[in-house]
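Structural overview
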Amino acid sequence: MATTTDKDKQTKQSFAHYWKQNLRAWRMWYRQSPGFFAATLLSSTCGALAPYLTIWLSAQIISELAGGRDPRRLASWAALTVGVTALLALAGGALNRWREYERSRLMAVRFKPLADKMMTLDYAEVDRQEVQDLYSQILQNDNWGGYGMYQTLQLFPDFCKGAVQVAGGVGFTLSLFLTDLPADSPLAFLNSPLALFVVLAFMVLVVVLSSLCDNKATLMLTKKTEAFTFGNRIFSFYGFQMVRDRKRAGDLRIYRQLKNVGMPLMSVPSSLPFVPGSSIAKLSKGRVGLLFGLCQSLTAVMTCAVYLFVCLKSWGGAFDVGLVTRYVGSATQLFGGISLLLLTLSQVRVNGTFLDTTFRFLDLPNHMYQGSLTTEKRSDRNYQVEFKDVSFRYPGTDRWALRHVNVKFRIGSRLAVVGPNGSGKTTFIKLLCRLYDPTEGEILLNGIDIRKYRYEDYMDIFSVVFQDFRLLALPLGENVAGAAEYDRDLAERCLRGAGFGERLDTMPKGLDTVLYKELDQDGVAVSGGEAQKIAIARALYKDAPFIVLDEPTAALDPIAEADIYAKFDAIAGDKTAIYISHRLSSCKFCDAIAVFDQGAIVQTGTHDTLVADENGLYHKLWQAQAQYYTNT
Ligand code: ADP
């Protein structure tokens, strides 16, 4: 979450800075849809100029009525007015439709830049709480006020409309100020440059003051961003997320959580900013409400001033009554345009602080070195990986998660990594797969530091079934292949190989059966054990030379786990397989076992040699766990 200090720093930036941020956002949208910008420019121009044309045409009719009263000329003006108004309405409608079409296309990819960034960030960055907070802050800003990238999409049409409205207004209103009253008129003093200056200055001042009031009120509300987003979180969590979460349903009932905790929290003003009596409600009733009211009053004052000036000039003989409508209309449009432009610019400033947050995320640098060597595709799977004196500390921590780890994988062998919880087993795999780089030492692939390889190439040689693997609410086959187009025979073979064959035969649409019900009512729920088999099939489908199982069976009992590991061994074929478990019995069959303790490899050997060493940790762990599988 953006801290108060961050926010203070942001508000101190210049308008030029915010304008640049805004331009950057527009450029990003433009790359996605130039059509939106073309459509907006045209529709805003049409929308802003249409009232002037209508005003001008109506003025011609009134002048004719007040002057010549020629029925044929009147009919022509009336026909022209109707025709032009209809044409403008049609053109405006078509252009708006085009703009909205482009806008909806943009809306569909609204979060794509954020998602792309998240996907390309170093894993270590994604793992950082600050990065997660920044991301959720951006989503919350968007959620409560459309602030950030979305707001810039609103600002562009307003900016175009304001600019064209001002330009058109100047053109249509200029003669109001330049047409003199007759010299003998009692109001002839209005011809003097000083009088003109005073009138104009008054009108501009009123418009500026009105915009300032609006801007100030909006700024006061945005200072409450954190309260709004916090309120939104409470509201959405207790209001609907909590009650529909299946995993919470039991606790909710047993401990009456919603009644005892949720509802009281939601109704206490200090915790929810939207209820009467909250600080935001007080602000809205007080200063913010007053400022918005003042803004509206000043707009009314402005309209009065325009009427007064135009009527006085007409009464004094500067122009006939037909022009009164035109000048009142166009002057109101002109000052409306100035007001819109000022408001848009002030919104650019307000929204700029939110864009700062967005760009802070999008500009996060990747620190991992990206090499350029390709890992040659070897049919003999002859990939030799070696850890050379590797030590690792998680970013921002002082404790060594791994210390002086040396290990070499024999090609095609089965290595078990065992040890108590927290001993560094998963960290070891994360380093092997280059999700993190070692703090000290190096990892070699065929004798070359893995940092020197292209990242994607290096990733290609690993299939990992993580402890907390996730499947997608998509067809079964697509889950296995990780793609919409895939080799169906291979997917089926992998599923059967992973022990999912019988279940597959009962699935209504075979590989096309959708998993889970989130996206499809006919979706099929799978149990934890079945999901884990699908995850193993996915790893097999990738057919990478290294295959890693990181305790994906933690939810199963020790006997079932040992069974799965033994079966997996048979289907892993000539791949180099690494098994991680804190249950020693699962890995008895492995060629080599590395015992981890407090981040270091304390023992290596086969099950028989390790269990025979009575002073070793393996023996101790074996004895402690033996009670679970004495019957195996
Ligand atoms: P194991 O897989 O053997 O249970 P881990 O490799 O997950 O152990 O953890 C090793 C040590 O690193 C533990 O002390 C754990 O608290 C710490 N650790 C794990 N993940 C992180 C992380 N993202 N940030 C900081 N410390 C971590």
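Values in this document were obtained by computation on a predicted structure and should not be read as measured data.

Focus on the overall build of the chain
A count of helices and strands for the chain gives 23 helices and 10 strands. For the chain, the C-alpha radius of gyration of 36 Å lies well beyond 26 Å, the compact-globule estimate for 632 residues. Each principal axis of the C-alpha atoms in the chain carries an extent, and together these give about 120 × 55 × 50 Å. In the chain, which comprises 632 residues, the proportion classed as buried is 46%. Expressed as a percentage of contacts within the chain between residues at least 6 apart in sequence, the contacts between residues at least 24 apart total 74%.

Focus on the sheet that holds strand E10 (residues 600–605)
Judged by pairing direction, the sheet is mixed, and its 6 strands sit side by side in the order E6-E7-E8-E3-E9-E10 without closing on themselves. The sheet terminates laterally at strand E6 (462–465) and E10, the two strands that pair on one side only. Across the sheet, the axes of successive neighbouring strands diverge by a mean angle of 15°, strand direction being ignored. Taken together, the 5 bridges between strand E7 (residues 546–550) and strand E8 (residues 576–581) define a ladder with parallel strand orientation.

Remarks on unusual backbone geometry
Its identity as a non-glycine residue notwithstanding, Asp 389 has a phi of 50°, on the positive side. Within the fold, Asp 389 resides in strand E1 (residues 385–392). Not every positive phi belongs to a glycine, and Gln 598 is a case in point at roughly 45°. The exposure class assigned to Gln 598 is exposed, which follows from its relative accessible area of 66%.

A few points about the nonpolar core
Judged by nonpolar contacts, the single largest core of 46 residues is most densely connected at Leu 495 and Ile 534. A total of 8 residues in this core trace back to one element, the largest contributor, which is helix H20 (residues 528–542). The residues touching Leu 495, leaving out its near neighbours within four places in the chain, are Leu 476, Val 480, Phe 500, Gly 501, Leu 504, Leu 511, Ile 534 and Ala 537.

Here's the deal with the pairing of E10
Two elements, strand E9 (residues 592–597) and E10, share 5 bridges in a ladder whose sense is antiparallel. By the bridge assignment for E10, Val 595 is matched with Gln 603. The loop that links E9 with its antiparallel partner E10 comprises 2 residues; one of these, Gln 598, has a positive phi angle of about 45°.

What to know about a nonpolar patch on the surface
Residues Leu 200, Val 204, Leu 205, Val 208, Leu 209 and Leu 212 make up a contiguous nonpolar surface patch of about 460 Å² in total accessible area. Note on placement: Val 204 falls in helix H9 (residues 193–222).

A word on the site of the ligand
Looking at the ligand, the residues that line it are Asp 127, Tyr 394, Arg 399, Ala 401, Pro 420, Asn 421, Gly 422, Ser 423, Gly 424, Lys 425, Thr 426 and Thr 427. One nitrogen or oxygen atom from the side chain of Tyr 394 is found 3.5 Å from a nitrogen atom belonging to the ligand. Arg 399 has a polar side-chain atom sitting 3.0 Å from an oxygen atom of the ligand. Burial of the ligand by the protein chains amounts to 66% of its free accessible area of 570 Å². Residue classes in the shell around the ligand are distributed as 3 nonpolar, 6 polar and 3 charged.

Here's the deal with helix H10 (residues 225–244)
If you check H10, its first and last C-alpha atoms are 27 Å apart, about what 20 residues at 1.5 Å a residue would give, namely 28 Å. Residues of H10 that are buried include every one of Thr 225, Phe 228, Thr 229, Gly 231, Asn 232, Ile 234, Ser 236, Tyr 238 and Met 242, and no others.

Notes on the sheet that holds E1
Within a sheet, neighbouring strands are paired by backbone hydrogen bonds and run either parallel or antiparallel to one another. Reading across from one edge, E2-E1-E4-E5 is the order of the 4 strands in this open sheet, with antiparallel pairing throughout. With partners counted over all chains shown, the strands left at the sheet margins are strand E2 (402–408) and strand E5 (448–449), one partner each. Sheet contacts for helix H15 (residues 425–432): E1, E2 and strand E4 (440–445); angle to E1, the most-contacted strand, approximately 120°.

Re the environment of Ala 124
On the secondary structure map, Ala 124 appears in helix H6 (residues 123–126). Of the residues examined, Ala 124 reaches a relative accessible area of 18% and is grouped as buried. Taking C-alpha positions, Ala 124 is 6.1 Å from Tyr 436, a pair spaced 312 residues apart along the chain. In this structure Ala 124 touches Leu 435 and Tyr 436, once residues within four positions along its chain are discounted.

Some remarks on the packing of helix H2 (residues 15–32) against helix H8 (residues 149–178)
Interaxial distance between H2 and H8 falls to 10 Å at its minimum, and their mutual angle equals 95°. Relative to H8, the element H2 lies roughly perpendicular. Along the contact surface, H2 presents Trp 19, Asn 22, Ala 25, Trp 26, Met 28 and Trp 29, while H8 presents Met 149, Tyr 150, Thr 152, Leu 153, Leu 155, Phe 156 and Phe 159. In terms of residue class, the contact of H2 with H8 is made up of 11 nonpolar, 2 polar and no charged.

Quick notes on the packing of aromatic side chains
For the structure on display, the rule yields 27 aromatic pairs. Both rings, one in Phe 387 and one in Phe 409, keep their centres 6.4 Å apart while their planes meet at 70°; by these two values the pair is edge-to-face. Of this pair, Phe 387 sits in strand E1 while Phe 409 sits in the loop between E2 and strand E3 (414–418), and the two are 22 residues apart along the sequence. The exposure class of Phe 387 is buried, given its relative accessible area of 1%. Ring pairing ties together the aromatic residues Phe 15, Trp 19, Trp 26, Tyr 30, Phe 36, Phe 37, Phe 156 and Phe 159, which thus form one cluster.

Focus on the environment of Ser 76
Structurally, Ser 76 is set in helix H4 (residues 71–108). On the basis of relative accessible area, Ser 76 is assigned to the partly exposed category, the value being 45%. C-alpha of Ser 76 to C-alpha of Ile 61: the two residues are 15 residues apart in sequence and 9.4 Å apart in space.

Focus on the packing of H9 against helix H14 (residues 321–362)
At a minimum axis separation of 9 Å, H9 and H14 run at an interaxial angle of 25°. With respect to each other, H9 and H14 are oriented roughly parallel. As for the relative orientation of H9 and H14, their crossing is right-handed in sense. In contact with Met 203, Val 204, Val 207, Val 208, Ser 211, Asp 214, Asn 215, Thr 218, Leu 219 and Thr 222 of H9, H14 contributes Phe 335, Ile 338, Ser 339, Leu 342, Leu 343, Ser 346, Gln 347, Arg 349, Val 350 and Phe 354. Partitioning the contact of H9 with H14 into residue classes produces 11 nonpolar, 7 polar and 2 charged.

Definitions and cut-offs
- Residues numbered from 1 in each chain as written.
- Predicted model: local features only at pLDDT ≥ 70, side-chain atom pairs only at ≥ 80, totals over all residues.
- Heavy atoms only, no water.
- Helix = DSSP H or I, 4+ residues; strand = E, 2+ residues; numbered from the N terminus.
- Rg over C-alpha atoms; globule rule 2.2 N^0.38 Å.
- Buried < 20%, exposed > 50% of the residue type's maximum accessible area, 1.4 Å probe, protein only.
- Contact = heavy atoms within 4.5 Å.
- Pairing = 2+ DSSP bridges.
- Axes fitted to C-alpha atoms, helices over the stretch in contact; angles between N-to-C directions.
- Core = buried A, V, L, I, M, F, W, Y, C linked by side-chain atoms within 4.5 Å.
- Patch = residues over 30% accessible without salt bridge, like charges linked within 9 Å, V, L, I, M, F, W, Y side chains within 5 Å.
- Areas by Shrake-Rupley, 256 points an atom, 1.4 Å probe, with all protein chains shown as cover.
- Salt bridge = Lys/Arg side-chain N within 4 Å of Asp/Glu carboxyl O.
- Near = heavy atom within 4 Å.
- Polar contact = N/O pair within 3.5 Å; in protein donor to acceptor, adjacent residues only side chain to side chain.
- Nonpolar A, V, L, I, M, F, W, Y, C, P; charged D, E, K, R; others polar.
- Expected span 1.5 Å × (residues − 1).
- Parallel < 35°, antiparallel > 145°, perpendicular 65-115°, else oblique.
- Phe/Tyr/Trp six-rings, centres within 6.5 Å; stacked < 30°, edge-to-face > 60°.
- Left-handed = near helix turned anticlockwise from the far one by under 90°.

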